[in-house]
Amino acid sequence: MVSIEEYGDFETSWCPGCGNFPILKSLKQALAEQGIAPRDVIVSSGIGQAAKLPHYLRCNMFNGLHGRALPVAQGIKMANPEAAVLCVSGDGCTYGEGGNHFLAAIRRNLDLTLLVHDNQIYGLTKGQASPTSARGHVTKAQPEGNRSDAFNPVSVAVAMKAGFVARAFSGEPEHLAEVIKEAMNHKGFSLVDILQPCVSFNKVNTYGWYSQRVYFPEGHDPSDWGAAMALSEEFGDRIPLGIIYRADKPVFGLGGRLAEHEYDRNDLKAVLQSYT
Amino acid sequence: MSRKDINIVIGGAAGQGLVTIGQLLAKAVVRAGHHLLVTQRYMSQVRGGHNTYAIRMGGDYLSGGTESIDILAALNTETFSRHVGDVRDGGLIVAGTDLETGERDALRIPFEELASKPLFHNTVMLGVLGRTIGLDRGIFEDLLGQTFGRKGGEVVEANVDVLRKAYEWASGRDHGYSGRIGPGSGPGRMMINGNEGIALGAMAAGCNFVSYYPMTPSSSVAMALIAKGAPLGLQYEQTEDELAAMNMAIGASYAGARTLVTTSGGGFALMGEAVSLAGVSETPIVCVVVQRPGPATGMATRTEQADLDLVLHAGHGEFPRAVFTPATPEDCFYLTHRAFDLAETFQTPIFVLSEQYLADSYRDVEPFDLDGLPKTSRPLLEWDGGEYKRYAVTDDGVSPRLVPGFSEALVRADSHEHDESSRITEDKTVRVTQNSKRLRKESGLFEEVIGPDYYGEENADALLVCWGPTLGACLEAVERYEGDESLAVLHFKQVYPLREEQFMEFLEGAGKVVAVEGNATAQFARLIASETGFVIPDRILRFDGRAMTWEYVLKGLTDIL
């Protein structure tokens, strides 16, 4: 048995009412309910308000650079296949600065879980448009409205046939905890795009805005790629939550824990002989 | 006339098989027990262009390449016209009967007569060259068996048959060439290039992780590791870009892998931010940078020493580092092995700075003494020292490094400024404490510095100061110098940190000091000036993309002395 308390309780630098709080709580719940001890969890994060999450969680962590949380997470998993590896960051870090890594991680399909706190805005830098901000979204930096189309991470992940693609909402923490557990149980790369309000800098996509739109689609079959593709496109008046797409596919092959691997000197002598 | 060494240059277009001929001939030379030095010059093309594979062989150790050609094997007319001027008096040109060689005498091989199919023409050339320099045919027969064995016995037999015909044909030719190689050091030696030396050194240190993005001329380090790394449990990945390569390696290293990253200048420029991350997160990383001429794309397959400044300064902020600059494949092996030990001991990025010339330059090397190597440092897997703090402040700046997931202690690493327990901080006292702690590791690195090697008599009239593979050209230039002045060489195989007491007396005791570097701005001379105040006024600089040769150094010396 692992209790939620083992994952600690820390003072944060998040604004009161921030969507990050329920995400952190749901994550702790998901970890405890799976019986995973903090020593077996390694969280990689980037930079942004979301990326501070492992500082507020008792576990192993590597809090690296903006945009580069996924390469670090993958390196960790390759070195220690036995660890439960999570990658946690925001929409700017994951889909903007780290966009190429997002695509490559889906293709590589290492067994790790990516949690993206998607608030459609840059919070840490105080309110510029993010890759998921809607076209026309007005900010101080985009006073005439965002001139780019929004990136739809769920559609992209489904289009690339990522093995596990889900959308959750910080306002549905019980559901979120269940989805995180499912994602961590999935063998291979899993994405949970988590909608969350930024109470300080996003005056459009508020708690109310999301609450009015999110719904749980009935009868959706996540193994039906065509249906998943169609559902992933839905992001407007209605926003579907839950597991959008799920498929088993070959997982990136791994060996043992590299830290405890030592070579046999005779093997290396044979390697040297192969050059004579 | 008996010469102590022979320089054979095989030239042709990419795709004509000159590397196949060159590799087999080079291997045969090593198996026959001679010394060897291969210099490859190639263009960034898979087909066509003009490439050369130069094999210098001899009874004595060969310090570097040479521009004078004893035997020119021309696979096309362009090779002939470009290099005929470099063939020494009494040298030999070998070419097919159909090749246009003008007035010049040449050993004309009737390829069609000796081999029915063009497929075997390379074996004909191999046989003619082997016979001409007096190599035993049996060595080639073994090599053909090992090279083509996978394709079946018939292919091997057909090649051996063609080889025999070529030997018979060549032994009946009176071409006036009489060069023979000295006996050398005997068989049993390896034939490896600089990049293979790096890969083997990494393996000997227990390297079990490499991430990289392909970039000439660095890729073959990763290729060698991938080809030979199974006994190490090697995990490897060709990443989406260099940013991923470096960050992935940092993640793996944090989690306990012994990691290598390999790239060239442009790719390394992309890794800069992550180099800084390795510095602040105190994550061991060995980074191999194999230089090619810049700026930007530059000349992809040529050589230069112009990324020293980049490697010295890569990464924002201040953190410790060390930079090794091997001269030979042996150096590549031992220095890379050492780089792994230093990276783990001091938990900071350590660089091996090589260049295309060394990367592709094969030599005969005594198999490395694995039993005699010092053990390389390892991180901790267990912790029983009470509360674990990843960035505990210590006298030498080194905090115990624990691998996550092996004990109850949690390992928390961070890119922000942080306190001992990795909590983000902007506290000025903590900042100064942690930054100073990291920089204190420089003292440890300083103690470990390998001083430069001095070659020649004391207080020479002129001292050549060089680093990396430029050493060979300097040594041979000194040997061949016919003027009255005494010459010496000071070679740095580690260019950073510098310890003044290891070399200042050499600089101050010499008549003239001459910097010999493969760049246009004497980057290392400037480093010495900034670190020690000693200004080296005279310089021999080469930045045409070609390796330094003794001829080039001698010419420069003539102008200076």
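Note that this is a predicted model, so its numbers are computed, not measured. (Residues numbered from 1 in each chain as written. Chains lettered and ligands numbered in written order. Predicted model: local features only at pLDDT ≥ 70, side-chain atom pairs only at ≥ 80, totals over all residues.)

## Let's talk about the interface of chain A and chain B
Note the following rule: Here the contact rule is simple: place C-beta atoms from the backbone, and any two residues whose C-beta atoms are within 7 Å are in contact. Starting at the N terminus, helices and strands are each numbered in turn, a helix being any DSSP run of H or I of at least four residues and a strand any DSSP run of E of at least two. Only Asp, Glu, Lys and Arg are considered charged, only Ala, Val, Leu, Ile, Met, Phe, Trp, Tyr, Cys and Pro nonpolar, and every remaining residue, Gly among them, polar. When DSSP finds at least two bridges between two strands, those strands are taken to pair.
With 47 residues of chain A at the contact, the number on the chain B side is 54 residues. Listing elements by their share of the side of chain A that touches chain B, those giving two or more residues are strand 1 (41-45), strand 2 (60-63), helix 2 (69-79), helix 4 (99-108) and helix 9 (265-273) of chain A. With 8 residues, helix 2 of chain A is the largest single contributor of residues to the side of chain A that touches chain B. For the side of chain A that touches chain B, the residue count by class is 21 nonpolar, 14 polar and 12 charged. Pairing of strand 2 of chain A with strand 15 (residues 412-414) of chain B, which is carried by 3 bridges, proceeds in the parallel orientation. Paired with Phe62(A) across the bridge in strand 15 of chain B is Ala413(B).

## Brief notes about helix 8 (residues 225-232) of chain A
Along an α-helix, residues three or four positions apart point the same way, because every turn accommodates 3.6 residues. Residues and elements named next belong to chain A. We apply this condition: We call a residue exposed when 12 or fewer other C-beta atoms sit within 10 Å of its C-beta, buried when the count reaches 20 or more, and partly exposed for counts in between; the C-beta positions come from the backbone. Think of the arc as the fan of directions from the helix axis to the C-beta atoms.
Listing the buried residues of helix 8 in full gives Ala228, Leu231 and Ser232. One side of helix 8 holds all its buried residues, which, seen down the axis, span an arc of 100 degrees. Where helix 8 is buried, its residues meet helix 5 (153-159), strand 8 (239-240) and strand 9 (242-246).

## Re the domain arrangement of chain B
Residues and elements named next belong to chain B. The following threshold applies: What fixes the domain bounds is an automatic or database domain assignment.
Split by domain assignment, chain B resolves into domain 1 (5-171), domain 2 (191-372) and domain 3 (453-560). In this structure, domain 1 and domain 3 have C-alpha centres spaced 35 Å apart. The partner domain 3 presents 8 residues to the 6 residues of domain 1 that form the contact. Looking at the side of domain 1 that touches domain 3 residue by residue, the classes come out as no nonpolar, 5 polar and 1 charged.

## Observations concerning the pairing of strand 17 (residues 462-467) of chain B
When a strand is regular, its side chains alternate between the sheet's two faces. Residues and elements named next belong to chain B. Heads up, the condition is: Every crossover in which the path from the first strand over the helix to the second runs clockwise, viewed with the strands pointing away from the viewer, is termed right-handed.
The buried fraction of strand 17 is high, at 6 of 6 residues. Burial along strand 17 is two-sided: the residues Ala462, Leu464 and Cys466 and Leu463, Val465 and Trp467 are all buried. As judged from the 6 bridges shared by strand 17 and strand 18 (residues 487-492), these two strands associate in the parallel manner. Paired with Leu464 across the two strands is Val489, which belongs to strand 18. In this view, the connection linking strand 17 to its parallel neighbour strand 18 by way of helix 16 (residues 471-480) has right-handed handedness. Note that strand 17 and strand 20 (residues 512-517) share 4 bridges and pair parallel. Across the sheet, Val465 pairs through a bridge with Ala515, a residue of strand 20.

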